[in-house]
Amino acid sequence: MTRSPFSSAVAWGPGEALVMEEVEVDPPNTMEIRIKVVCTSLCRSDITLWESKVHAHLFPRIFGHEASGIVESIGEGVTDFEEGDHVLTVFTGECSKCKHCLSGKSNMCQELGMERKGVMHSDQKTRFSIKGKPIYHYCAVSSFSEYTIVHSGCAVKISSSAPMEKICLLSCGVAAGLGAAWKVADICKGSTVVIFGLGTVGLSVAQGAKLRGASRIIGVDTNPAKYEKGKVFGITECINPDDCSEPVQQVIKRITDGGADYSFECIGDTGMISTALQSCCDGWGLTVTLGVPKVKPEISAHYALLLSGRTLKGSLFGGWKPKSELPSLVDMYLRKEIQIDELITHNLSFDDINEAFNLMRDGKCLRCVIHMPQ
(Lines give C-alpha, C1' and ligand atoms only; values in the text may rest on other atoms or scores of the structure.)
Protein backbone atom coordinates (compact mmCIF):
# COMPACT_ATOMS: atom_id res chain seq x y z
CA MET A 1 0.00 0.00 0.00
CA THR A 2 2.10 2.89 -1.29
CA ARG A 3 1.42 6.38 -2.52
CA SER A 4 0.88 6.22 -6.27
CA PRO A 5 -0.07 8.80 -8.92
CA PHE A 6 -3.44 8.04 -10.51
CA SER A 7 -5.53 9.92 -13.04
CA SER A 8 -8.19 12.15 -11.52
CA ALA A 9 -10.54 14.75 -12.97
CA VAL A 10 -9.72 17.85 -10.94
CA ALA A 11 -11.87 20.97 -10.77
CA TRP A 12 -9.53 23.89 -10.18
CA GLY A 13 -12.26 26.49 -9.68
CA PRO A 14 -16.05 26.92 -9.59
CA GLY A 15 -17.57 26.11 -12.97
CA GLU A 16 -14.18 25.50 -14.59
CA ALA A 17 -13.79 22.49 -16.89
CA LEU A 18 -12.29 19.48 -15.18
CA VAL A 19 -8.65 18.74 -15.94
CA MET A 20 -7.12 15.27 -16.03
CA GLU A 21 -4.24 15.29 -13.54
CA GLU A 22 -1.83 12.78 -12.05
CA VAL A 23 -2.84 12.81 -8.40
CA GLU A 24 -1.13 11.18 -5.44
CA VAL A 25 -3.64 9.03 -3.53
CA ASP A 26 -2.56 8.07 -0.02
CA PRO A 27 -2.75 4.50 1.28
CA PRO A 28 -5.79 3.98 3.50
CA ASN A 29 -5.52 5.10 7.12
CA THR A 30 -7.15 3.37 10.07
CA MET A 31 -10.74 2.32 9.25
CA GLU A 32 -10.38 3.38 5.62
CA ILE A 33 -10.31 1.51 2.33
CA ARG A 34 -8.82 2.40 -1.03
CA ILE A 35 -11.11 1.65 -3.95
CA LYS A 36 -10.38 1.15 -7.63
CA VAL A 37 -13.34 2.95 -9.18
CA VAL A 38 -14.96 0.97 -11.99
CA CYS A 39 -17.94 3.16 -12.87
CA THR A 40 -19.22 6.48 -11.56
CA SER A 41 -22.30 8.43 -12.56
CA LEU A 42 -22.84 12.17 -12.51
CA CYS A 43 -25.42 13.49 -10.05
CA ARG A 44 -27.06 16.91 -10.20
CA SER A 45 -25.60 17.80 -6.78
CA ASP A 46 -22.09 17.45 -8.28
CA ILE A 47 -23.06 20.14 -10.78
CA THR A 48 -24.60 22.37 -8.10
CA LEU A 49 -21.52 22.34 -5.87
CA TRP A 50 -19.12 22.54 -8.83
CA GLU A 51 -20.81 25.75 -9.98
CA SER A 52 -21.16 27.26 -6.50
CA LYS A 53 -18.87 30.19 -5.77
CA VAL A 54 -19.92 30.00 -2.13
CA HIS A 55 -17.57 27.02 -1.82
CA ALA A 56 -14.71 28.54 -3.82
CA HIS A 57 -12.34 27.92 -0.89
CA LEU A 58 -12.80 24.15 -1.40
CA PHE A 59 -10.97 24.09 -4.74
CA PRO A 60 -9.05 22.38 -6.29
CA ARG A 61 -11.45 19.52 -5.75
CA ILE A 62 -12.32 16.04 -7.01
CA PHE A 63 -16.06 15.62 -7.36
CA GLY A 64 -18.18 12.47 -7.78
CA HIS A 65 -20.03 10.31 -5.26
CA GLU A 66 -22.20 7.79 -7.16
CA ALA A 67 -19.78 4.96 -7.78
CA SER A 68 -19.09 1.26 -7.90
CA GLY A 69 -15.64 -0.22 -7.49
CA ILE A 70 -13.35 -2.89 -6.10
CA VAL A 71 -11.50 -2.72 -2.79
CA GLU A 72 -7.79 -2.43 -3.63
CA SER A 73 -6.40 -2.19 -0.07
CA ILE A 74 -7.65 -1.85 3.49
CA GLY A 75 -6.44 0.14 6.49
CA GLU A 76 -5.87 -0.95 10.05
CA GLY A 77 -8.99 -1.96 11.95
CA VAL A 78 -11.15 -2.69 8.89
CA THR A 79 -12.92 -6.02 9.39
CA ASP A 80 -15.97 -5.80 7.10
CA PHE A 81 -14.06 -5.64 3.80
CA GLU A 82 -11.40 -7.67 2.05
CA GLU A 83 -9.29 -6.85 -0.97
CA GLY A 84 -11.29 -7.70 -4.10
CA ASP A 85 -14.72 -6.98 -2.60
CA HIS A 86 -17.20 -5.22 -4.88
CA VAL A 87 -18.61 -2.09 -3.27
CA LEU A 88 -20.79 0.96 -3.69
CA THR A 89 -19.66 4.26 -2.23
CA VAL A 90 -22.14 6.32 -0.18
CA PHE A 91 -22.07 10.04 0.58
CA THR A 92 -23.50 9.53 4.07
CA GLY A 93 -22.18 6.68 6.18
CA GLU A 94 -23.28 4.41 8.98
CA CYS A 95 -21.05 3.92 12.02
CA SER A 96 -23.54 1.56 13.76
CA LYS A 97 -22.61 3.05 17.15
CA CYS A 98 -23.94 6.60 17.45
CA LYS A 99 -27.31 7.71 18.82
CA HIS A 100 -28.88 8.00 15.36
CA CYS A 101 -27.56 4.69 14.04
CA LEU A 102 -28.86 2.89 17.13
CA SER A 103 -32.22 4.69 17.20
CA GLY A 104 -33.88 2.83 14.35
CA LYS A 105 -35.48 6.21 13.51
CA SER A 106 -32.80 7.95 11.47
CA ASN A 107 -30.02 7.55 8.93
CA MET A 108 -28.27 10.76 10.03
CA CYS A 109 -25.10 9.18 11.37
CA GLN A 110 -23.38 11.51 13.85
CA GLU A 111 -19.91 10.19 12.99
CA LEU A 112 -20.12 9.70 9.23
CA GLY A 113 -22.86 12.07 8.09
CA MET A 114 -22.50 14.34 5.06
CA GLU A 115 -18.99 15.79 4.93
CA ARG A 116 -19.02 19.42 3.73
CA LYS A 117 -15.46 20.60 4.44
CA GLY A 118 -13.71 18.68 1.64
CA VAL A 119 -11.73 16.43 3.99
CA MET A 120 -11.93 12.98 5.58
CA HIS A 121 -14.14 12.40 8.61
CA SER A 122 -11.41 10.94 10.80
CA ASP A 123 -8.63 13.54 10.82
CA GLN A 124 -10.03 16.46 8.78
CA LYS A 125 -7.26 16.05 6.20
CA THR A 126 -7.21 15.16 2.51
CA ARG A 127 -5.89 11.98 0.92
CA PHE A 128 -5.25 13.58 -2.48
CA SER A 129 -2.38 15.84 -3.52
CA ILE A 130 -0.51 17.15 -6.56
CA LYS A 131 3.17 17.90 -5.94
CA GLY A 132 2.41 18.32 -2.27
CA LYS A 133 -0.62 20.59 -2.79
CA PRO A 134 -3.76 19.19 -1.11
CA ILE A 135 -6.77 18.44 -3.31
CA TYR A 136 -10.14 18.62 -1.58
CA HIS A 137 -12.64 15.75 -1.42
CA TYR A 138 -16.35 15.85 -2.21
CA CYS A 139 -18.80 14.18 0.19
CA ALA A 140 -15.81 12.13 1.49
CA VAL A 141 -16.07 10.03 -1.72
CA SER A 142 -14.51 11.82 -4.74
CA SER A 143 -15.18 9.13 -7.32
CA PHE A 144 -13.94 11.08 -10.36
CA SER A 145 -10.60 9.43 -9.82
CA GLU A 146 -9.15 6.06 -10.81
CA TYR A 147 -8.61 5.33 -7.11
CA THR A 148 -10.20 6.94 -4.10
CA ILE A 149 -10.16 6.63 -0.30
CA VAL A 150 -13.32 6.31 1.79
CA HIS A 151 -14.06 5.49 5.39
CA SER A 152 -15.17 1.87 5.68
CA GLY A 153 -18.50 3.14 7.01
CA CYS A 154 -19.07 4.97 3.71
CA ALA A 155 -18.94 1.90 1.49
CA VAL A 156 -21.33 -1.00 1.05
CA LYS A 157 -20.32 -4.51 0.05
CA ILE A 158 -22.44 -5.83 -2.81
CA SER A 159 -22.80 -9.03 -4.79
CA SER A 160 -20.06 -9.58 -7.36
CA SER A 161 -22.80 -10.52 -9.84
CA ALA A 162 -24.25 -6.99 -9.83
CA PRO A 163 -23.28 -5.10 -13.02
CA MET A 164 -21.00 -2.25 -11.96
CA GLU A 165 -22.06 -0.03 -14.84
CA LYS A 166 -25.71 -0.10 -13.73
CA ILE A 167 -25.67 -0.52 -9.99
CA CYS A 168 -23.63 2.65 -9.35
CA LEU A 169 -26.89 4.62 -9.64
CA LEU A 170 -28.00 3.15 -6.32
CA SER A 171 -25.22 5.09 -4.60
CA CYS A 172 -27.45 8.16 -4.55
CA GLY A 173 -30.23 9.12 -6.97
CA VAL A 174 -32.24 5.93 -7.42
CA ALA A 175 -32.04 4.93 -3.76
CA ALA A 176 -32.98 8.48 -2.69
CA GLY A 177 -36.12 8.46 -4.83
CA LEU A 178 -37.27 4.98 -3.90
CA GLY A 179 -36.68 5.62 -0.21
CA ALA A 180 -38.56 8.92 -0.31
CA ALA A 181 -41.60 7.05 -1.67
CA TRP A 182 -41.34 3.99 0.55
CA LYS A 183 -39.67 4.97 3.80
CA VAL A 184 -40.25 8.70 4.17
CA ALA A 185 -43.72 9.13 2.65
CA ASP A 186 -44.81 5.48 2.99
CA ILE A 187 -47.13 5.85 -0.01
CA CYS A 188 -50.28 3.78 0.25
CA LYS A 189 -52.23 1.95 -2.44
CA GLY A 190 -54.77 3.97 -4.41
CA SER A 191 -53.25 7.35 -3.51
CA THR A 192 -52.58 10.36 -5.72
CA VAL A 193 -49.00 11.55 -6.08
CA VAL A 194 -47.52 14.64 -7.72
CA ILE A 195 -43.80 14.89 -8.49
CA PHE A 196 -42.05 18.17 -9.27
CA GLY A 197 -39.02 17.43 -11.46
CA LEU A 198 -38.66 14.34 -13.64
CA GLY A 199 -34.94 13.76 -13.35
CA THR A 200 -33.44 10.55 -12.00
CA VAL A 201 -34.66 11.22 -8.47
CA GLY A 202 -38.17 12.20 -9.52
CA LEU A 203 -38.53 9.18 -11.80
CA SER A 204 -37.33 6.94 -8.99
CA VAL A 205 -40.02 8.42 -6.75
CA ALA A 206 -42.51 7.62 -9.51
CA GLN A 207 -41.25 4.05 -9.69
CA GLY A 208 -41.63 3.69 -5.93
CA ALA A 209 -45.15 5.11 -6.06
CA LYS A 210 -46.10 2.78 -8.90
CA LEU A 211 -44.82 -0.26 -7.01
CA ARG A 212 -46.87 0.85 -3.99
CA GLY A 213 -50.02 0.93 -6.12
CA ALA A 214 -50.63 4.68 -6.41
CA SER A 215 -53.62 5.32 -8.67
CA ARG A 216 -52.42 8.62 -10.17
CA ILE A 217 -48.82 9.80 -10.49
CA ILE A 218 -48.66 13.31 -11.91
CA GLY A 219 -45.33 14.58 -13.21
CA VAL A 220 -44.58 18.32 -13.32
CA ASP A 221 -41.69 19.42 -15.53
CA THR A 222 -40.97 22.18 -18.03
CA ASN A 223 -39.11 19.77 -20.34
CA PRO A 224 -41.59 17.78 -22.48
CA ALA A 225 -38.76 15.49 -23.63
CA LYS A 226 -38.97 13.77 -20.24
CA TYR A 227 -42.62 12.78 -20.53
CA GLU A 228 -42.20 9.55 -22.51
CA LYS A 229 -39.50 8.36 -20.11
CA GLY A 230 -41.82 9.26 -17.25
CA LYS A 231 -44.44 6.80 -18.49
CA VAL A 232 -41.88 3.99 -18.28
CA PHE A 233 -41.53 4.67 -14.56
CA GLY A 234 -45.21 5.04 -13.75
CA ILE A 235 -46.11 8.66 -14.53
CA THR A 236 -49.78 8.64 -15.54
CA GLU A 237 -50.07 12.27 -16.65
CA CYS A 238 -47.78 15.27 -17.10
CA ILE A 239 -48.15 18.99 -16.58
CA ASN A 240 -45.91 21.68 -18.03
CA PRO A 241 -46.26 24.79 -15.83
CA ASP A 242 -45.25 26.95 -18.78
CA ASP A 243 -48.40 25.85 -20.62
CA CYS A 244 -50.77 26.56 -17.74
CA SER A 245 -52.97 29.67 -17.65
CA GLU A 246 -53.15 29.46 -13.84
CA PRO A 247 -50.61 28.53 -11.14
CA VAL A 248 -49.72 24.84 -11.38
CA GLN A 249 -50.83 24.18 -7.80
CA GLN A 250 -54.33 25.35 -8.70
CA VAL A 251 -54.36 23.03 -11.70
CA ILE A 252 -53.36 20.12 -9.50
CA LYS A 253 -55.95 20.91 -6.82
CA ARG A 254 -58.65 21.17 -9.49
CA ILE A 255 -57.87 17.87 -11.23
CA THR A 256 -57.39 15.96 -7.95
CA ASP A 257 -60.50 17.19 -6.15
CA GLY A 258 -58.69 19.31 -3.59
CA GLY A 259 -55.09 18.22 -3.83
CA ALA A 260 -52.81 15.19 -3.97
CA ASP A 261 -52.17 12.85 -1.06
CA TYR A 262 -48.41 13.23 -1.56
CA SER A 263 -46.17 15.69 -3.34
CA PHE A 264 -42.41 15.50 -3.91
CA GLU A 265 -40.05 18.40 -4.64
CA CYS A 266 -37.18 16.90 -6.66
CA ILE A 267 -35.86 20.03 -8.37
CA GLY A 268 -33.65 21.68 -5.77
CA ASP A 269 -35.67 24.90 -5.86
CA THR A 270 -36.76 26.02 -2.41
CA GLY A 271 -39.37 28.27 -4.00
CA MET A 272 -41.14 25.15 -5.24
CA ILE A 273 -41.63 23.79 -1.74
CA SER A 274 -44.53 26.15 -1.08
CA THR A 275 -46.00 25.18 -4.45
CA ALA A 276 -45.68 21.50 -3.56
CA LEU A 277 -47.36 22.09 -0.20
CA GLN A 278 -50.21 23.95 -1.87
CA SER A 279 -50.64 21.02 -4.27
CA CYS A 280 -51.44 18.69 -1.36
CA CYS A 281 -54.83 18.19 0.16
CA ASP A 282 -55.94 19.55 3.52
CA GLY A 283 -55.88 17.22 6.51
CA TRP A 284 -53.29 14.64 5.51
CA GLY A 285 -51.37 15.99 2.51
CA LEU A 286 -47.65 15.22 2.80
CA THR A 287 -44.86 17.03 0.96
CA VAL A 288 -41.37 15.53 0.82
CA THR A 289 -38.44 17.65 -0.32
CA LEU A 290 -35.39 15.91 -1.82
CA GLY A 291 -33.67 18.43 -4.07
CA VAL A 292 -30.38 20.17 -3.24
CA PRO A 293 -31.01 23.93 -3.66
CA LYS A 294 -28.89 25.66 -6.25
CA VAL A 295 -29.17 29.17 -4.80
CA LYS A 296 -31.55 30.29 -2.01
CA PRO A 297 -31.42 27.71 0.82
CA GLU A 298 -34.20 29.25 2.94
CA ILE A 299 -37.80 28.13 2.55
CA SER A 300 -40.98 30.11 3.12
CA ALA A 301 -44.61 29.06 3.23
CA HIS A 302 -47.80 30.47 4.66
CA TYR A 303 -48.47 29.05 8.12
CA ALA A 304 -52.04 28.18 7.09
CA LEU A 305 -50.69 25.40 4.86
CA LEU A 306 -49.46 23.59 7.96
CA LEU A 307 -52.33 24.69 10.20
CA SER A 308 -54.69 22.96 7.77
CA GLY A 309 -53.03 19.61 8.43
CA ARG A 310 -50.38 19.37 5.74
CA THR A 311 -46.94 18.01 6.63
CA LEU A 312 -43.54 18.95 5.22
CA LYS A 313 -40.74 16.41 5.56
CA GLY A 314 -37.14 16.40 4.44
CA SER A 315 -35.40 13.34 3.05
CA LEU A 316 -31.70 12.48 2.89
CA PHE A 317 -30.81 9.39 0.85
CA GLY A 318 -34.42 8.28 1.10
CA GLY A 319 -34.06 7.50 4.79
CA TRP A 320 -31.98 4.39 4.04
CA LYS A 321 -29.30 3.27 6.46
CA PRO A 322 -26.69 2.67 3.77
CA LYS A 323 -24.70 -0.30 5.03
CA SER A 324 -27.72 -2.05 6.57
CA GLU A 325 -30.31 -1.48 3.87
CA LEU A 326 -28.68 -0.69 0.52
CA PRO A 327 -27.79 -4.35 -0.20
CA SER A 328 -31.52 -5.17 -0.24
CA LEU A 329 -32.02 -2.70 -3.11
CA VAL A 330 -29.17 -4.32 -5.02
CA ASP A 331 -30.90 -7.67 -4.55
CA MET A 332 -34.19 -6.21 -5.77
CA TYR A 333 -32.45 -5.01 -8.92
CA LEU A 334 -30.90 -8.43 -9.52
CA ARG A 335 -34.38 -9.98 -9.18
CA LYS A 336 -35.67 -7.41 -11.73
CA GLU A 337 -38.05 -5.91 -9.17
CA ILE A 338 -36.80 -2.35 -9.70
CA GLN A 339 -35.65 -0.52 -12.84
CA ILE A 340 -32.29 1.18 -13.17
CA ASP A 341 -31.08 0.58 -16.74
CA GLU A 342 -33.69 2.87 -18.29
CA LEU A 343 -32.32 5.86 -16.36
CA ILE A 344 -28.93 5.60 -18.07
CA THR A 345 -29.03 7.83 -21.13
CA HIS A 346 -25.28 8.04 -21.84
CA ASN A 347 -22.19 5.89 -21.33
CA LEU A 348 -18.95 7.86 -21.56
CA SER A 349 -15.25 7.23 -21.06
CA PHE A 350 -13.41 8.96 -18.22
CA ASP A 351 -11.67 11.24 -20.72
CA ASP A 352 -15.09 12.57 -21.77
CA ILE A 353 -16.21 13.57 -18.28
CA ASN A 354 -16.65 17.23 -19.24
CA GLU A 355 -19.18 16.15 -21.85
CA ALA A 356 -21.21 14.55 -19.04
CA PHE A 357 -21.15 17.85 -17.14
CA ASN A 358 -22.32 19.72 -20.26
CA LEU A 359 -25.13 17.24 -20.94
CA MET A 360 -26.50 17.48 -17.41
CA ARG A 361 -26.12 21.24 -17.19
CA ASP A 362 -28.05 21.56 -20.47
CA GLY A 363 -30.78 19.15 -19.32
CA LYS A 364 -29.99 16.62 -22.05
CA CYS A 365 -29.48 13.53 -19.91
CA LEU A 366 -30.76 11.62 -16.91
CA ARG A 367 -27.67 9.73 -15.82
CA CYS A 368 -24.33 9.64 -17.60
CA VAL A 369 -22.31 6.62 -16.50
CA ILE A 370 -18.57 7.27 -16.70
CA HIS A 371 -16.42 4.20 -17.31
CA MET A 372 -13.00 4.33 -15.71
CA PRO A 373 -9.92 2.88 -17.43
CA GLN A 374 -9.35 -0.73 -16.33
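Now for a quick tour of the structure. Quick caveat, the model's predicted, so the values are computed rather than measured. (Residues numbered from 1 in each chain as written. Predicted model: local features only at pLDDT ≥ 70, side-chain atom pairs only at ≥ 80, totals over all residues. Heavy atoms only, no water.)

A few words on the sheet that holds strand S13 (residues 262–265). The parallel open sheet is built from six strands, whose spatial order is S12-S11-S10-S13-S14-S15. Two strands close off the open sheet at either side, each with one partner strand: strand S12 (237–239) and strand S15 (311–314). Adjacent strand axes in the sheet meet at a mean angle of 20°, parallel and antiparallel pairs treated alike. Inspection of the sheet shows strand S10 (residues 192–196) paired to strand S11 (residues 216–220) by five bridges, in the parallel sense. Bridge pairing in S11 places Ile-195 opposite Gly-219. Each of S10, S11 and S13 is contacted by helix H5 (residues 200–211), which is oriented at about 170° to S10, the strand it contacts most. Relative to the sheet, helix H7 (residues 248–255) contacts S10, S11 and S12, its axis offset from that of S12 by approximately 150°. (Pairing = 2+ DSSP bridges. Helix = DSSP H or I, 4+ residues; strand = E, 2+ residues; numbered from the N terminus. Axes fitted to C-alpha atoms, helices over the stretch in contact; angles between N-to-C directions. Contact = heavy atoms within 4.5 Å.)

Turning our attention to the nonpolar core. Of all hydrophobic cores here, the largest spans 97 residues; its most connected members are Phe-144, Leu-170, Ile-195 and Phe-264. Excluding residues that lie within four positions of it along the chain, Ile-195 makes contacts with Gly-202, Val-205, Ala-206, Ile-217, Ile-218, Gly-219, Val-220, Ile-235, Phe-264 and Cys-266. By size, the runner-up hydrophobic cluster in this structure holds 11 residues, among which are Val-194, Val-248, Val-251 and Ala-260. (Core = buried A, V, L, I, M, F, W, Y, C linked by side-chain atoms within 4.5 Å. Buried < 20%, exposed > 50% of the residue type's maximum accessible area, 1.4 Å probe, protein only.)

Let us look at unusual backbone geometry. Here the bond from Phe-59 into Pro-60 is cis, since omega is 0°, no more than 30 degrees from zero. In this fold, Pro-60 is placed in the loop between helix H1 (44–51) and strand S4 (66–74). Here the phi dihedral of Phe-317 falls at roughly 55°; this positive angle occurs in a residue that is not glycine. Among the secondary structure elements, Phe-317 is positioned in the loop between S15 and helix H10 (322–334). Given the relative accessible area of 3%, Phe-317 is considered buried.

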